[in-house]
Amino acid sequence: MHTNTKPRVGYGQGWAETAEITAPVVRVRTGVTVQRGEYRGINGKPAAFVWRDEVTEVPAREIIVRVGREGAWLWEGRTRIDVRTAFPNNKEAARLVRSFQDWQRFFEKYYDVNRPQRFFWGRYHQEGLSLARQLQAALIDVAVVRYQRPTEDPQAHAVEELDL
């Protein structure tokens, strides 16, 4: 006689298939290291978070998010770069391109050189920081992302770079 160790799905519906459940992995950049952790639990329901022992160094490549003229918003040093060509295999970063382009167009449309204080700087930087954080999450193993105020911002001389 053959006995089956798999549980039944329901009466007349067959046997349950065991599927491997992958836990979501969390990556956090803390100064000079990138740490990883994952959620642990039973039946796909997270009950605890556990840091892994492996620690990797922060990548040496620095990417700067800063609005500029003529559609420039991403820089490496003083060179303008494109996400799709700089990181061709990163689809998560490529999905952010349209949001960054909209952010850039908002600046070009509403910024007035004669009245820089009348621009929506607070809201604009809030959206830019949010996009930069998303880009950092997508590129955490590849590059460090920094957010800088544009030279057109009246407060750029006091605080040039904003922390992510």
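Scroll up to find the structure this text is about.
Each value, and the rule that gives it
Each chain has its residues counted from 1, following the order in which its sequence is written. Local features are withheld for residues below a pLDDT of 70 in this predicted model, meaning they are given only at 70 or higher, and side-chain atom pairs are given and counted only at 80 or more; totals for whole chains, interfaces and linings count all residues. Each side-chain value is derived from all of the structure's non-hydrogen atoms; neither hydrogens nor water enter the calculation. Each helix is a run of H or I in the DSSP string that is no shorter than four residues. Each strand is a run of E no shorter than two, and both are numbered from the N terminus. Contacts are residue-level and defined by heavy atoms, with any inter-residue pair within 4.5 Å sufficient. A pair is scored as a salt bridge if a Lys or Arg side-chain nitrogen falls within 4 Å of a carboxyl oxygen belonging to Asp or Glu. Burial classification: accessible surface area is computed with a 1.4 Å probe over protein chains only, and a residue below 20% of its type maximum counts as buried, one above 50% as exposed, and the rest as partly exposed. Here, the term nonpolar core denotes a set of buried Ala, Val, Leu, Ile, Met, Phe, Trp, Tyr and Cys residues that are joined through side-chain atoms within 4.5 Å. To estimate how far a helix should reach, multiply one less than its number of residues by 1.5 Å. To obtain the arc, one takes the directions from the helix axis to the C-beta atoms. All axes are obtained by fitting lines to C-alpha atoms, using only the stretch in contact for helices, and the reported angles, taken between N-to-C directions, cover 0 to 180 degrees. Roughly parallel here means an angle under 35 degrees, roughly antiparallel means over 145, roughly perpendicular means 65 to 115, and every remaining angle is called oblique. With the far helix as reference, a near helix turned anticlockwise by less than a right angle produces a left-handed crossing, and one turned clockwise produces a right-handed crossing. Polarity classes work like this: nonpolar for Ala, Val, Leu, Ile, Met, Phe, Trp, Tyr, Cys and Pro, charged for Asp, Glu, Lys and Arg, and polar for all others, with Gly in that last group. For two strands to count as paired, DSSP must find a minimum of two bridges between them.

Trainee: Help me out: how do you make sense of the environment of Val97 in this one?
Mentor: Structurally, Val97 can be placed in helix H3 (residues 97-110). In this structure, the C-alpha to C-alpha distance between Val97 and Leu131, residues 34 residues apart in sequence, is 9.6 Å. If sequence neighbours within four positions are ignored, Val97 has contacts with Trp73, Val83 and Arg84.

Trainee: In this structure, what is going on with the pattern of salt bridges? I would like to understand it.
Mentor: When charged atoms on two side chains of opposite charge get close, those side chains can pair. Counted according to the given criterion, the structure contains 5 salt bridges. In this structure, Arg146 and Glu62 form a salt bridge, with 3.2 Å as the shortest nitrogen-oxygen distance. With Arg146 in strand E7 (residues 144-148) and Glu62 in strand E4 (residues 62-65), this pair connects stretches of sequence that are 84 residues apart. Arg146 sits in the partly exposed class, given a relative accessible area of 26%.

Trainee: Explanation requested: the nonpolar core in the structure shown.
Mentor: Nonpolar side chains tend toward joint burial in soluble globular proteins. Formed by 28 residues in total, the largest nonpolar core has its most connected members in Val65, Leu74, Phe100, Trp103 and Leu135. Residue contributions to this core peak at 7 residues, all from helix H4 (residues 121-138). Once you skip the residues sitting within four places of it in the chain, Leu74 turns out to touch Ile63, Ile64, Val65, Arg66, Thr79, Arg80, Ile81, Val83 and Leu135.

Trainee: Before we go on, may I ask you to explain H3 in this structure?
Mentor: Each α-helix winds once per 3.6 residues, and so residues spaced three or four apart point in a common direction. Between its first and last C-alpha atoms H3 spans 20 Å; for 14 residues at 1.5 Å apiece the expected length is 20 Å, and the two agree. For H3, the set of buried residues is Val97, Phe100, Trp103, Gln104 and Phe107. Each buried residue of H3 sits inside an arc of 125 degrees when the element is viewed along its axis, so together they form one side. Of the exposed residues in H3, the ones pointing more than 90 degrees away from its buried face are Arg98 and Lys109. Taken together, the buried residues of H3 touch E4, helix H1 (83-86), helix H2 (91-94), H4 and E7.

Trainee: What's the story with the packing of H3 against H4 in this structure? I'm lost.
Mentor: Angle between the axes and distance between the axes: these two values describe a pair of packed helices. Running from N to C, H3 and H4 cross one another at 160 degrees; their axes reach a closest spacing of 11 Å. Between H3 and H4, the crossing angle belongs to the class labelled roughly antiparallel. Crossing hand, H3 versus H4: left-handed. For the pair H3 and H4, the contacting residues are Ser99, Phe100, Trp103, Gln104, Phe106 and Phe107 in the first and Trp121, Arg123, Tyr124, Glu127, Gly128, Leu131, Ala132 and Leu135 in the second. Residue composition of the contact of H3 with H4, by class: 9 nonpolar, 3 polar and 2 charged.

Trainee: How should I be thinking about the sheet that holds E4 in this particular structure?
Mentor: The strands making up a sheet are joined through hydrogen bonds of the backbone, oriented either antiparallel or parallel. Read from one edge of the open sheet, 5 strands run E6-E5-E4-E7-E8, paired in mixed fashion. Both edges of this open sheet fall to strand E6 (79-80) and strand E8 (161-162), since each of them pairs with a single strand only. Both E4 and E7 contribute to a ladder of 4 bridges, which runs parallel. Bridge pairing in E7 places Ile63 opposite Val145. Of the strands in this sheet, E4, strand E5 (74-76), E7 and E8 are in contact with H4, which crosses E7 at around 170 degrees.

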